[in-house]
Amino acid sequence: MATAEPDSSQAPNELTANAAIDTRRYTSLGRWLVAPAFIYAVIVTQAPFLVTLYDSTFRWNLMRPDRRGFIGLENYRNLLSSLVDSSDSYAFRAAIVNSVTFTVGAVVISLLLGLLFAELVNHRFPGRGVVRTMLITPFLVMPVASALGWKNLMMDPDFGIINWALDPLGLDPVWLSQYPRESIIIMLVWRWAPFMMLILLAGMQSIDEEVREAVRVDGATRWQEFSGITLPHLGRFIQLGALLGTVYIVQETDAIFMTTQGGPGTSTTTLPFRVYETAVRGSNIGMGAAMGVIIVVLTIVAMTFLLRILDRMLRGQYADR
Amino acid sequence: MSNDLNRRDVVKRAGAVGLGAGAVAKLGQVYAQDASPAAPAVDTSISGELNVAMVANPQMVALEELAGEFQAQYPNITLNLLVLPENEIRDRIRTDVSTQAGQFDVVTIGMFEAADYALQGWTIDVGTPLQEDPNYDYADIFPAMVSALSGEDGLLYAAPFYGESCMLYYRTDLFEAAGLTMPEQPTWTEIGEFAAQLHNPDGPYGIVLRALPGWGEFGAPLTATMNAFGGRWFDEDWNSQLASEASAAGITFYTDLLINSGQPGATTSGFTECQNLFNQGQAAMWMDATSAADLLGDPELNPQAANTGFANPPSEEIGSGWLWAWAFAIERESEHQEAALAFVKWATSKDYVQLVADRLGWGSVPSGVRSSTYADPGYQEYAAGFADLVLSIIDAQDPAQCCVDPTPYKGLQFVGVPEFVTLGDSVTRELADVIAGNTEIADAITRIDDMANQWAVENGYQ
């Protein structure tokens, strides 16, 4: 890694030759300096992955060491065949569908609400500081505590505030049983909309006030100002929010763990919850590892796709300028 | 160099001084003990660092409060208690025990795990040394508890701390107002009729029952009900029996009962949620663990205490119920087995029950394990409404005989094999979907029957 290769392109004069040597020396030194971080990154990311790959080829339930044995790709075969099988016996297909639904749903709605909140607190009005703090608060509440609050204080059919408020309308929905998916998305949005608001607010505040003033002088309406100036400027911030939101929300399990335990049926079983159930609660290390590997592959595919779209959008934006 | 030597010397001397001080302190204790006539016949010089992991149920929290008493008795043992909520600590304990990591010396395990850990050789026999101590009064422990916590070799591998079965709680005032009488031994059919009659969609509901997915939540009352109807999970060859006529009748009865006369949103109700509904006066009946009786009987904890009635768990084809205990097991990898045994003996002794009663009151004692607790006038007075009933219910349970037909597994409210966790979780989730109104019961039964067969094949039972 650190051995300097002989330079094939001979320098035409001393000056550039010295520069080349210097660069080489720096590169070589740089590599050594980077090495600890690089090795650390390999150890903490690749080593566990290799162990997971290894584990996934075993029939291995921690509770039954007597039955542990190498089974090759059988865990994968079972999992993948269950994906196309109508019974979906590992609830893996349901978990993929739910993960995508929850993530996309929560990210899109959080972004819209975040945009609304950001636009609101970007204007001066009395009590703005208080409102801004209150809007951010949900993001600061511990996820487990907020899930418990949603379950017992908000959505409970007997003691919940939502049903109490809906009572005069003659509505009495049982949130977590009748609308489990919607309920989970509501909890996720409540938690993540403030995050989007923070990112978008930062974007809005970086808009030059002079530009705004100029359009106002030109007689633009509030909506024209928003759609013509604010929104285009926010493009990159929206992309950043969507990307970070996806990365974080796809991992959310607290709300599901505390309220529905993945049910009823498989309606709220997501990928992380499914892996937790299999590997930790069910002690089935082999199958849990196989699920993990498939999720990594799916994530890489999805992220490559997403990043490419983002990249194209970014380029398009720069081309506009 | 010389500096180094000096330092070593100093350390050595300091060590010697420390040892000397320790020896003096030890002598002092022995002397003090000899002076006191009521000194227990235990070797209090046992030493070591003891790591104990416990589920944070109220009984264990009480133990945490009283840990100072143990320390006073065994001053050379350093006791580290790790007390965490059940969901969190259970996974950690299971991982620690099964990988033989040896992070803990003593752990609380349930009836579900005890026999299996013993079979794998992860825990040691505690029964033999406990039996040898006449002060411990081993025979005082309920035989059902000993049998359920023993390994296949008949030795006890976990000492029961507190135990429970299940019973039916009901509101005497609502029954009186409706002109109904609860029989001493109700059947599920009768319970269904009572529930239908007493049910008010805006509360109080006819009955509250668990339906939160999970083998230990929804799974427990469901299995007990299925057993009562003459059903079982598996036949002797591990063929699923969930779709058999009797099992399906029990399952359908349970889901129908909840749909027609149960609490709304039952699929998020576990033990705690049901207890809250009952305490808030939102339930006419509730079937659940007998350990709730201690809480329901206390007017300070339950506003309905004066109107709470207690009855046997409902029967149908046969009487049924469940049996559970939290018990202390010692890991084989523990380096301080002697100290661990001293702790287990202290925490599960008769003296400990008295200690809790004296210091924290009878409501906090670990009950359901020793006959002497139920014979104690203090507990008799405190638990006048239910002590005898609980005693007779626990006495009637036999984990080896859950069902009308023979089964290849032990366990009343679960299938006593370690892999049952995943099956129990998926089956209850599927049935929760029925209660939520998204699936027809017939389709769900076909699905769970397939699941159970596939599970049996995958885990090498079929």
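Fair warning: this is a prediction, and the values are worked out from it, not measured in the lab.

1. Looking at the sheet that holds strand 5 (residues 166-171) of chain B
Residues and elements named next belong to chain B.
Turning to step 1, where the next piece is worked out: Pairing within the open sheet is antiparallel, and its 3 strands lie in the order 6-5-7. Strand pairing shows two members of the sheet lacking a second neighbour, strand 6 (285-289) and strand 7 (308-311), which therefore form its edges. Along the sheet, successive strands turn relative to each other by an average axial angle of 30°, direction set aside.
Turning to step 2, where the next piece is worked out: Note that strand 5 and strand 7 share 4 bridges and pair antiparallel. When the sheet's bridge partners are listed, Tyr170 is paired in strand 7 with Gly309.
Turning to step 3, where the next piece is worked out: Contacts from helix 11 (residues 271-279) reach strand 5 and strand 6, with the element oriented near 145° to strand 6.

2. Structural notes on the nonpolar core
Turning to step 1, where the next piece is worked out: Ala114(B), Ala158(B), Ile207(B), Met285(B) and Ala327(B) are the most contacted members of the largest nonpolar core, which has 139 residues in total.
Turning to step 2, where the next piece is worked out: For Ala158(B), the contacting residues outside a window of four places in its chain are Ile109(B), Ala114(B), Thr123(B), Val126(B), Leu149(B), Ala327(B), Phe328(B) and Ala329(B).
Turning to step 3, where the next piece is worked out: Counting residues in each nonpolar core, the second largest holds 37 residues, with Leu111(A), Leu234(A), Phe237(A) and Met258(A) among its members.

3. Quick word on unusual backbone geometry
Glycine aside, residues mostly have negative phi angles, and peptide bonds mostly take the trans form.
Turning to step 1, where the next piece is worked out: Following Gly263(A), the chain continues into Pro264(A) via a peptide bond in cis, with omega recorded as -10°.
Turning to step 2, where the next piece is worked out: Counting through the fold element by element, Pro264(A) comes out in the loop between helix 11 (254-259) and helix 12 (271-281).
Turning to step 3, where the next piece is worked out: Between Gly203(B) and Pro204(B) the backbone carries a cis peptide bond, its omega angle lying at -5°.
Turning to step 4, where the next piece is worked out: Secondary-structure assignment places Pro204(B) in the loop between helix 8 (188-198) and helix 9 (219-228).
Turning to step 5, where the next piece is worked out: The backbone of Gln261(A) shows a phi angle near 55°, a positive value even though the residue is not glycine.
Turning to step 6, where the next piece is worked out: On the secondary structure map, Gln261(A) appears in the loop between helix 11 and helix 12.

4. Some words on the interface of chain A and chain B
Turning to step 1, where the next piece is worked out: Of the residues lining the interface, 32 residues belong to chain A; the matching set on chain B comes to 37 residues.
Turning to step 2, where the next piece is worked out: Each residue belonging to the side of chain A that touches chain B can be placed in one class, and the counts come to 9 nonpolar, 16 polar and 7 charged.

5. Overview of the pairing of strand 8 (residues 324-330) of chain B
Residues and elements named next belong to chain B.
Turning to step 1, where the next piece is worked out: The buried count for strand 8 comes to 7 of 7 residues, which makes it a mostly enclosed element.
Turning to step 2, where the next piece is worked out: The pairing of strand 3 (residues 106-110) with strand 8 spans 5 bridges and is classified as antiparallel. Bridging from a neighbouring strand, Val106 pairs with Ile330 of strand 8.
Turning to step 3, where the next piece is worked out: Across 5 bridges, the pairing between strand 4 (residues 159-164) and strand 8 is antiparallel. Among the inter-strand pairings, Gly163 is bridged to a residue of strand 8, identified as Ala325.

6. Examining the confidence of the model for chain A
Residue and element names in this part refer to chain A.
Turning to step 1, where the next piece is worked out: Here chain A averages 87 in pLDDT, and 89% of its residues register 70 or above.
Turning to step 2, where the next piece is worked out: Here helix 1 (residues 14-55) stands out as the element of chain A with the lowest mean pLDDT, 80, in contrast to helix 8 (residues 180-205), whose mean of 95 is the highest.
Turning to step 3, where the next piece is worked out: In this model residues 1-12 is a low-confidence stretch, pLDDT under 50, and it forms 10 contacts with partners more than four residues away in sequence or in other chains.

7. Things to note about the sheet that holds strand 8 of chain B
Residue and element names in this part refer to chain B.
Turning to step 1, where the next piece is worked out: Pairing is mixed across the open sheet formed by 5 strands, whose spatial order is 2-1-3-8-4. Each edge of the sheet is formed by a strand with only one pairing partner; in this case those strands are strand 2 (77-84) and strand 4. Neighbour-to-neighbour, the strand axes of this sheet turn through a mean angle of 20°, independent of strand direction.
Turning to step 2, where the next piece is worked out: As paired strands, strand 1 (residues 48-55) and strand 2 are joined by 8 bridges and run parallel to one another. Residue Val52 lies in a different strand from strand 2, and its bridge partner there is Leu81.
Turning to step 3, where the next piece is worked out: Lying on the sheet, helix 2 (residues 58-73) is in contact with strand 1, strand 2, strand 3 and strand 4; it crosses strand 2 at an angle near 170°.
Turning to step 4, where the next piece is worked out: Its contacts with the sheet put helix 4 (residues 111-120) on strand 3 and strand 8, and the angle it makes with strand 3 is roughly 115°.

8. Some thoughts on helix 4 of chain B
All names here are of chain B.
Turning to step 1, where the next piece is worked out: Along helix 4, 8 of the 10 residues are buried, which leaves the element largely enclosed by surrounding structure.
Turning to step 2, where the next piece is worked out: Of the positions making up helix 4, those classed as buried are Met111, Phe112, Glu113, Ala114, Ala115, Asp116, Tyr117 and Ala118.
Turning to step 3, where the next piece is worked out: Each element contacted by the buried residues of helix 4 is listed here: helix 3 (86-98), strand 3, helix 6 (143-149) and strand 8.
Turning to step 4, where the next piece is worked out: Positive backbone phi, at 75°, marks Gly121, one or two positions downstream of helix 4.

Calculation rules
- Residues numbered from 1 in each chain as written.
- Chains lettered and ligands numbered in written order.
- Predicted model: local features only at pLDDT ≥ 70, side-chain atom pairs only at ≥ 80, totals over all residues.
- Pairing = 2+ DSSP bridges.
- Helix = DSSP H or I, 4+ residues; strand = E, 2+ residues; numbered from the N terminus.
- Axes fitted to C-alpha atoms, helices over the stretch in contact; angles between N-to-C directions.
- Contact = placed C-beta atoms within 7 Å.
- Core = buried A, V, L, I, M, F, W, Y, C linked by C-beta atoms within 7 Å.
- Buried ≥ 20, exposed ≤ 12 C-beta atoms within 10 Å, placed from the backbone.
- Nonpolar A, V, L, I, M, F, W, Y, C, P; charged D, E, K, R; others polar.
- pLDDT = per-residue confidence, 0-100.

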